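Structural overview
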Amino acid sequence: MKRIAIFASGTGSNAKKIIEYFEGHPDIQVVLVVSNNKKAKVLDIAKEFHISSLIISRLELKNESYILEKFSLFSIDFIVLAGFLLLIPKYLVSHFPNRIINIHPALLPKFGGKGMYGMNVHKAVKEQAEKETGITIHFVNEKYDEGAIIFQASCPVLPEYSPEQIAKSVRSLEHQYFAPTIERILKRT
Ligand code: GRF
């Protein structure tokens, strides 16, 4: 059984889709939800699905022995970032080589990097009058949004679309593709 930890700082709609997708899966299980925000809605989702959760501060995330000990207690094999806003420290990247992935709500390398999250991304897409946007699922390294790309899917941006409409189209791609992509990666590791 491959055991996943999901890291999320906010609503957790992607986390929910992933948890639902792997419920009853013969080889893959979500066993832990990690958040840096004790008020994050994703923690309610973890509760609803009887999944353990761990709230960590920015400092705790930097504490290698603390985090690795927790992760070994849960026998974590793979980490999924689903709207997690803190930078993943180097030790975690080295401890989980090619076993941490992130989803970004745009077609990287466009609209990536520090500060490019949530509505900031969709507003920038609108301001630049892009004709399409989409999602990027990528491995995580020590820099924001720069790890190797695993999968992208795109959707059109019509001139009359608001940033909110763009966000809606992107969200639906995320919900469609994130969990099956995780499954595909885990099947080949
Ligand atoms: C998603 O748009 C994802 O691409 C980004 O953060 C957002 C998380 O949304 N990394 P949710 O909390 O899963 O609804």
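Quick note: structure is the one above.
Everything in this summary refers to the structure shown in the same document.

Thresholds applied
- Residues numbered from 1 in each chain as written.
- Predicted model: local features only at pLDDT ≥ 70, side-chain atom pairs only at ≥ 80, totals over all residues.
- Heavy atoms only, no water.
- Pairing = 2+ DSSP bridges.
- Helix = DSSP H or I, 4+ residues; strand = E, 2+ residues; numbered from the N terminus.
- Axes fitted to C-alpha atoms, helices over the stretch in contact; angles between N-to-C directions.
- Contact = heavy atoms within 4.5 Å.
- Core = buried A, V, L, I, M, F, W, Y, C linked by side-chain atoms within 4.5 Å.
- Buried < 20%, exposed > 50% of the residue type's maximum accessible area, 1.4 Å probe, protein only.
- Arc of directions from axis to C-beta.
- Right-handed = clockwise from strand over helix to strand, strands pointing away.
- Expected span 1.5 Å × (residues − 1).
- Bend = angle between axes of the 7 residues up to and from the residue.
- Parallel < 35°, antiparallel > 145°, perpendicular 65-115°, else oblique.
- Left-handed = near helix turned anticlockwise from the far one by under 90°.
- Near = heavy atom within 4 Å.
- Polar contact = N/O pair within 3.5 Å; in protein donor to acceptor, adjacent residues only side chain to side chain.
- Areas by Shrake-Rupley, 256 points an atom, 1.4 Å probe, with all protein chains shown as cover.
- Nonpolar A, V, L, I, M, F, W, Y, C, P; charged D, E, K, R; others polar.

The subject of this paragraph is the sheet that holds strand E3 (residues 52–55). What the 7 strands build is an open sheet, ordered E3-E2-E1-E4-E5-E6-E7; its pairing is mixed. Only two strands of the sheet have a single partner each, and these edge strands are E3 and strand E7 (149–156). Strand after strand, the sheet turns through a mean of 20 degrees between neighbouring axes, direction not considered. Its contacts with the sheet put helix H1 (residues 13–22) on strand E1 (2–7), strand E2 (28–35) and strand E4 (78–81), and the angle it makes with E2 is roughly 155 degrees. Strands in contact with helix H4 (residues 64–73) are E1, E2, E3 and E4; relative to E3, the strand with the most contacts, it is inclined by about 180 degrees.

Another aspect to go through is the nonpolar core. Grouped together as the largest cluster of nonpolar side chains are 44 residues, with contacts concentrated most on Ile4, Ile6, Ile18, Val80, Ile101, Phe178 and Ile182. Here this core takes 8 residues from helix H7 (residues 163–188), the largest share from any one element.

A few words on helix H6 (residues 119–127). In an α-helix, one turn spans 3.6 residues; hence positions three or four apart end up facing the same way. When we look at burial in H6, the residues that qualify are Val121, His122, Ala124 and Val125. For H6, the arc enclosing every buried residue in end-on projection is 160 degrees, short of the 170-degree limit, so these residues lie on one face. Looking at the buried side of H6, the elements it contacts are strand E5 (100–104), strand E6 (132–139) and H7.

The subject of this paragraph is the pairing of E2. Summarising burial for E2: 7 of the 8 residues are buried, a large majority. Of the pairings in the sheet, the one linking E1 to E2 comprises 6 bridges and is parallel in character. If you follow Phe7 over to E2, its bridge partner there is Val34. Chirality of the crossover, the property in question, places the unit of E1, H1 and E2 among those that are right-handed.

Time to look at unusual backbone geometry. The peptide bond linking Leu108 to Pro109 adopts the cis configuration, its omega dihedral lying at 10 degrees. Take Pro109: it is sitting in the loop between E5 and H6. One non-glycine residue with positive phi stands out, namely Asn98, at about 55 degrees. Relative to the helices and strands, Asn98 is located in the loop between helix H5 (90–95) and E5. Residue Ala129 is not a glycine yet carries a positive backbone phi of 55 degrees.

Let us now look at H7. Given a rise of 1.5 Å per residue, 26 residues ought to cover 38 Å, and the 36 Å separating the end C-alpha atoms of H7 matches this to within 8%. Tyr177 marks where H7 bends most, by close to 30 degrees; the proline Pro180 follows one to four residues later.

Let's shift gears to the environment of Ala167. As for its position among the elements, Ala167 is in helix H7. Overall, Ala167 belongs to the buried group, its relative accessible area being 15%. Taking the C-alpha atoms as reference points, Ala167 and His122, separated by 45 residues in sequence, lie 6.2 Å from one another.

Turning our attention to the packing of H1 against H7. Axis separation between H1 and H7 bottoms out at 9 Å; the angle between their running directions is 45 degrees. By the angle class used here, H1 and H7 are oblique. Regarding H1 and H7, the two cross each other, and that crossing is right-handed. Here Ser13, Asn14, Lys17, Ile18, Tyr21 and Phe22 of H1 come into contact with H7, specifically with Arg171, Glu174, His175, Phe178, Ala179, Pro180, Ile182 and Glu183.

What follows deals with the site of the ligand. Around the ligand, the neighbouring residues are Thr11, Gly12, Ser13, Asn14, Gly83, Ile103, His104, Pro105, Arg171 and Glu174. A distance of 2.5 Å is found between an oxygen atom of the ligand and a side-chain nitrogen or oxygen belonging to Ser13. A distance of 3.3 Å separates an oxygen atom of the ligand from a polar side-chain atom of Arg171. Considering the ligand on its own, with 370 Å² of exposed area, one finds that the protein chains cover 87% of that surface. Among the secondary structure elements, those contributing two or more residues to the shell around the ligand are H1, E5 and H7. Considered class by class, the residues forming the shell around the ligand number 2 nonpolar, 6 polar and 2 charged.

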